[in-house]
Amino acid sequence: KKGTYTKESKTTDRTSPYVGGGEMRAGDRAPDAPALVHTQTGVLTSLFEIFKPTRHTVLVFGSSKESQECSKEIAERYGEDVYVILVLAKDVAYVSVEGIQVFRDSMGHAYSAYSTVKGEGVVVVRPDGIVGGIANGIDGVVTYFRGVFA
């Protein structure tokens, strides 16, 4: 039976909300990540300070042209309904995307906490701080928001 502890296995199935570890997935509490540096201002912040209680926060991980274009397209498509953040790996010094807040993960906490994202990808965090969806690009984000903004 899922979510139960047995003496024989000495483990609890990951479906239990009280067990940590494993890959992050939709429905999990979005983890914090300190030591994010705003690339234009140099201000140090954390994801918990960035998350908005009145709208979805879309974390786009990566510095590739595709990640930059994805962040812009999400912002253009959903406007004020979402807050789009581009999160750069700690070894990427600077990327600028017009109209998008860009942060460098200076200590690697965001990339570690959101390990489902293997270098590039998108995580949607709901206003209540729960992971709403994990996508590989714009198509997954559109599919997710189609159910939210229907």
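Owing to the predicted nature of the structure, the values given are computational and were not obtained by experimental measurement.

Undergrad: I'd love a proper account of the pairing of strand β5 (residues 101–105), names of residues and values included.
TA: Here strand β1 (residues 36–38) runs beside β5; their pairing, made up of three bridges, is antiparallel. Residue pairing for β5: H38 is matched across the bridge by F103. Here strand β4 (residues 82–88) pairs with β5 via four bridges, running parallel. In the sheet register, V87 faces β5, and the bridge partner there is F103.

Undergrad: Report on the sheet that holds strand β7 (residues 131–135), specifying residues and quantitative values.
TA: Across the sheet, which stays open at both edges, the seven strands sit in the order β2-β1-β5-β4-β3-β6-β7 with mixed pairing between neighbours. Each edge of the open sheet is held by one strand with a lone partner, namely β2 (44–45) and β7. With four bridges connecting them, strand β6 (residues 121–125) and β7 associate as antiparallel partners. Residue V124 lies in a different strand from β7, and its bridge partner there is G133. Where helix α2 (residues 65–78) meets the sheet, it contacts β3 (56–61), β4 and β6, and its direction lies at approximately 170° from that of β4.

Undergrad: Could you give an account of the confidence of the model for the protein chain, with specific residues and numbers?
TA: Per-residue confidence for the protein chain gives a mean pLDDT of 85; residues scoring 70 or more make up 83%. Averaged over each element, pLDDT in the protein chain is lowest for helix α3 (residues 109–113) (92) and highest for β2 (97). Considering only residues more than four positions removed or in separate chains, one finds that residues 1–20, a stretch of pLDDT under 50, has 21 contacts.

Undergrad: Give me the lowdown on the side chain of T45, citing residues and values where you can.
TA: Here T45 shows up in strand β2. In this structure the side chain of T45 is engaged in a polar contact, spanning 2.7 Å, whose partner is the side chain of E49. In this view, T45 contacts A33, P34, A35, L36, I50 and F103; residues no more than four positions away in its chain are not counted.

Undergrad: Now, about the pairing of β6: what can you tell me, with residues and values included?
TA: Across the five residues that make up β6, a large majority, five, are buried. Alternating positions in β6 separate into two faces, G121, V123 and V125 on one and V122 and V124 on the other, with burial throughout. Linkage of β6 to β7, two consecutive antiparallel strands, is achieved through a turn of five residues, within which G129 is found at a positive phi near 85°.

Undergrad: Give me the pattern of salt bridges: which residues, what numbers.
TA: A side chain with one charge may pair with a side chain of the opposite charge, provided their charged atoms come close. In this structure the tally under the stated criterion is four salt bridges. Here R55 ties to E80 by a salt bridge, and the two come within 3.4 Å at their closest N and O atoms. With R55 in the loop between α1 (47–50) and β3 and E80 in the loop between α2 and β4, this pair connects stretches of sequence that are 25 residues apart. Judged by relative accessible area, which is 19%, R55 ranks as buried. The class for E80 is exposed, based on a relative accessible area of 66%. A salt bridge links R77 to E73, with the nearest nitrogen and oxygen atoms 3.2 Å apart. With R77 and E73 both in helix α2 and four residues apart, the pair spans about one turn of that helix. According to the relative accessible area criterion, R77 is partly exposed, its value standing at 45%.

How each quantity is defined
- Residues numbered from 1 in each chain as written.
- Predicted model: local features only at pLDDT ≥ 70, side-chain atom pairs only at ≥ 80, totals over all residues.
- Heavy atoms only, no water.
- Pairing = 2+ DSSP bridges.
- Helix = DSSP H or I, 4+ residues; strand = E, 2+ residues; numbered from the N terminus.
- Contact = heavy atoms within 4.5 Å.
- Axes fitted to C-alpha atoms, helices over the stretch in contact; angles between N-to-C directions.
- pLDDT = per-residue confidence, 0-100.
- Polar contact = N/O pair within 3.5 Å; in protein donor to acceptor, adjacent residues only side chain to side chain.
- Buried < 20%, exposed > 50% of the residue type's maximum accessible area, 1.4 Å probe, protein only.
- Salt bridge = Lys/Arg side-chain N within 4 Å of Asp/Glu carboxyl O.

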